[in-house]
Amino acid sequence: MLIGDILARNARMYGNEVALIEREPAKNRRVEITWREFDEQANRFANGLIAKGIKKGDKVIHLMMNCIEWLPSYFGILRTGAWAVPLNFRFSAQDIKLCAGIAEGKAMVFGEEFIERVTEIKGDLSTIKDYIFVGPDEMRPDYAEKYEDVLNTNSPVNPDVEIGIEDEAGLYFTSGTTGTPKPILLTHRNLEAACIVENRHHNQTHQDNFLLIPPLYHTGAKMHWFGSFIVGSKAVILKGVRPEWIIEAVSEEKVTIVWLLVPWAQDILLAIENGDVKLADYTLDQWRLMHIGAQPVPPSLIKNWKKVFPHHDYDTNYGLSETTGPGCVHLGIENIHKVGAIGVPGFDWECQVVDESRNSVAQGQPGELMVKGPGVMKEYYKNPEATASTLFKGWLLTGDMARIDEDGFIWLVDRKKDVIITGGENIFPVEIEDFLANNDKIQDSAVIGIPDERLGEITLAIIKVKPGKDMTEDEVNEFCQALPRYKRPRKIVFGDVPRNPTGKIEKPKLREIYGKGNENFS
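Everything in this summary refers to the structure shown in the same document. Note that the structure is a prediction, hence the values are computed from the model and not measured.

1. Some remarks on the overall build of the chain
Then step 1. Along its length, the chain carries 15 helices and 27 strands.
Then step 2. Against the globule reference of 24 Å for 522 residues, the chain gives a C-alpha radius of gyration of 23 Å, in line with a compact fold.
Then step 3. In terms of overall dimensions, the chain has a C-alpha envelope of 70 × 55 × 45 Å along the principal axes.
Then step 4. For the chain, with 522 residues in total, the buried portion stands at 57%.
Then step 5. Taking all contacts inside the chain whose residues are at least 6 apart in sequence as the whole, residues at least 24 apart take part in 67%.
Then step 6. Measuring between centres, the 60 positive side-chain charges of the chain sit 1 Å from its 76 negative side-chain charges.

Set out below in structure tokens:
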């Protein structure tokens, strides 16, 4: 079923029930819409785009921060038969120009946060004829139409464009943690599969309430919500990630499911430990599931979480934009004893760990993770070389190094491109980062390889110390004595660990800062 048809069904079945709530604690602002309003707004936006000449197969650039308009406009684009092209809110003007050019977008819907960036490159976006602005009218650029005017002047009736389940639906650009963002082409079948897989894994019912915090442009956040969407349960869009705002939203909105990134979970535990958040002040008994994805999860984090929230189910989810987000591998709420593994193949998915010749490696040996299932992308758009090197007889090579244990659980070793080779030994940074996470003074860490004349590369650990704690290089070295000698960081610096909006460590940025010589360590 098309996800646009799922929305229409929800409107028919639950029309007067709340579908989406937006909370903006910094402004003490809360708004909500029902399923009928959600559906009608999507139709109005679709009809508005069609009136501007948007047709099946066209591309519409979608550039917005999380807000209650995000999803109706996204579904409106899909209902025209056009491709939705959501862009990373951190993209610079030149990144936006690059991606819009690859997509050959015909229209753009954008929020107030992007006025300066869009205005800077507007003259270079020759294919885009129409701009629609979401934000206060007094901030609207003169070249853009007001979003509310598009809704108010167009029909709430579904335009009923003929769309097939195998038709193209969206162009998603990779996060760029390993280089220039690549355009990933997803179909309506891919989006449908994400709904089914996510619901199968986490058993969402109509009574659940999903707290949506990560950026919606990314497949992870939206596709986790899809598991709730398919059963018509409500969701809360939270603007802001302070621990007290998250806990307050869970309490006041009676949230049952929260998907977190590792730094946010760490911040919540730290706020509780410091007394900044007092759990007795909140109603949290209904919160049943906390799950994490988008990055490796330190087992020590989940151990500490379960001490504070012993009744929570927990799951780890692994996926890529190329697999339509999460679900190709997941731990499973019944497998808490295997925390540290990314899990087993997801519902309707297969996995292999292979060598350079794409042959399966022996159990326990590291190799590249390869997956096959209904979420595998159609292609890297306009990039046949990258497509050919990534897709193989229906399988997708993930670029992640993994191993499979004796029980069939998959353990992520590291990104293939992040493996450090020092003196002929392969070192997987994630193993060291997981080890460092066990230190009570360390809030976050990243490990990269830096050039060395004798060994080729050596390991550098960037360590972020918890607020109010002090730590010395000698303390880190002493703590790391428990590691095999070749895995111990050879250099240590104290500083921030940059992460992208989905929580992944931005290692290219760290290599740029620290990878050019000792002068960068002052």
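2. Re the sheet that holds strand S15 (residues 325-330)
Then step 1. The mixed open sheet is built from nine strands, whose spatial order is S2-S1-S11-S10-S12-S13-S14-S15-S16. Each having just a single partner strand, strand S2 (29-34) and strand S16 (344-345) make up the two edges of the open sheet.
Then step 2. Two elements, strand S10 (residues 209-212) and strand S12 (residues 257-260), share two bridges in a ladder whose sense is parallel. Residue pairing for S12: Leu 211 is matched across the bridge by Val 258.
Then step 3. Relative to the sheet, helix H10 (residues 262-274) contacts S12 and strand S13 (289-293), its axis offset from that of S12 by approximately 110 degrees.

3. A look at the packing of aromatic side chains
Then step 1. Evaluated as defined, the whole model comprises 21 aromatic pairs.
Then step 2. Aromatic side chains Trp 225 and Phe 226 sit 5.8 Å apart centroid to centroid with 50 degrees between the ring planes, which places their arrangement in the tilted category. Summarising the burial analysis for this pair, Trp 225 and Phe 226 share the class buried.
Then step 3. Their ring planes at 35 degrees and their centres at 4.9 Å tell us that Trp 225 and Phe 229 sit as a pair that is tilted. A residue pair is termed a helical-turn pair when its members lie 3 or 4 positions apart in one helix, as Trp 225 and Phe 229 do in helix H8 (residues 219-229) at four residues.
Then step 4. Residue Trp 225 is classed as buried on the basis of its relative accessible area, which comes to 0%.

4. So, the pairing of strand S18 (residues 367-372)
Then step 1. Most of S18 is tucked away, with five of its six residues classed as buried.
Then step 2. As defined by bridge partners, strand S17 (residues 350-354) adjoins S18 across five bridges and the pair is classed as antiparallel. Across the sheet, residue Gln 352 finds its bridge partner in S18, namely Met 370.
Then step 3. Across four bridges, S18 lies against strand S21 (residues 395-404) in antiparallel orientation. Directly across from Val 371, in S21, lies its bridge partner Leu 396.

5. Some thoughts on the environment of Leu 185
Then step 1. Mapped onto the elements of the fold, Leu 185 is located in strand S9 (residues 183-187).
Then step 2. For the pair Leu 185 and Gln 481, spaced 296 residues apart in the sequence, the C-alpha separation amounts to 47 Å.
Then step 3. Non-local contacts of Leu 185, meaning those with residues more than four positions away in its chain, are made with Trp 83, Glu 168, Gly 170, Leu 171, Asn 190, Met 377, Lys 378, Glu 379 and Tyr 381.

6. Quick word on the packing of helix H3 (residues 70-79) against H8
Helix packing geometry: the angle between the two helix axes and the distance between the axes.
Then step 1. For the pair H3 and H8, interaxial distance at closest approach is 14 Å and the crossing angle is 85 degrees. The angle between H3 and H8 places the two elements in the roughly perpendicular class. Note on element contacts: H8 touches H3 through Lys 222, Trp 225 and Phe 229, opposite Trp 70, Leu 71, Tyr 74 and Phe 75.

7. Quick notes on the side chain of Gln 204
Then step 1. With respect to the helices, strands and loops of the structure, Gln 204 is situated in the loop between helix H7 (188-202) and S10.
Then step 2. In contact with Gln 204, not counting residues within four places along its chain, are Glu 198, Asn 199, His 224, Gly 227, Ser 228, Val 231, Ile 257 and Arg 288.

8. Concerning the packing of H7 against H8
Then step 1. Between H7 and H8, whose axes approach to 7 Å, the crossing angle comes to 70 degrees. In terms of orientation, H7 and H8 fall into the roughly perpendicular class. Across the interface between the two elements, Leu 191, Ala 194, Cys 195, Glu 198, Asn 199 and His 202 of H7 pack against Met 223, His 224, Phe 226, Gly 227 and Phe 229 of H8.
Then step 2. Here the residues of the contact of H7 with H8 sort into six nonpolar, four polar and one charged.

9. Some remarks on the pairing of strand S14 (residues 313-320)
Then step 1. In terms of burial, S14 is largely enclosed, as six of its eight residues are buried.
Then step 2. In this structure, S13 lies alongside S14, joined through five bridges in parallel fashion. Of the residues in S14, the one forming a bridge with Leu 289 is Asp 313.
Then step 3. Of the strand pairs in this sheet, S14 and S15 are connected by four bridges, and their pairing is antiparallel. Paired with Leu 320 across the strands is Gly 325, a residue of S15.

10. Side note on the nonpolar core
Then step 1. Ranked by internal contacts, the top residues of the largest apolar core, which has 135 residues, are Phe 110, Trp 225 and Leu 260.
Then step 2. The element best represented in this core is H10, accounting for seven residues.
Then step 3. In this view, Leu 260 contacts Ile 213, Ile 246, Ala 265, Ile 268, Met 290, His 291, Ile 292, Gly 293 and Trp 305; residues no more than four positions away in its chain are not counted.

Cut-offs used in this document
- Residues numbered from 1 in each chain as written.
- Predicted model: local features only at pLDDT ≥ 70, side-chain atom pairs only at ≥ 80, totals over all residues.
- Heavy atoms only, no water.
- Helix = DSSP H or I, 4+ residues; strand = E, 2+ residues; numbered from the N terminus.
- Rg over C-alpha atoms; globule rule 2.2 N^0.38 Å.
- Buried < 20%, exposed > 50% of the residue type's maximum accessible area, 1.4 Å probe, protein only.
- Contact = heavy atoms within 4.5 Å.
- Lys, Arg positive; Asp, Glu negative; His and termini not counted.
- Charge placed at Lys NZ, Arg CZ, Asp CG, Glu CD.
- Pairing = 2+ DSSP bridges.
- Axes fitted to C-alpha atoms, helices over the stretch in contact; angles between N-to-C directions.
- Phe/Tyr/Trp six-rings, centres within 6.5 Å; stacked < 30°, edge-to-face > 60°.
- Parallel < 35°, antiparallel > 145°, perpendicular 65-115°, else oblique.
- Nonpolar A, V, L, I, M, F, W, Y, C, P; charged D, E, K, R; others polar.
- Core = buried A, V, L, I, M, F, W, Y, C linked by side-chain atoms within 4.5 Å.

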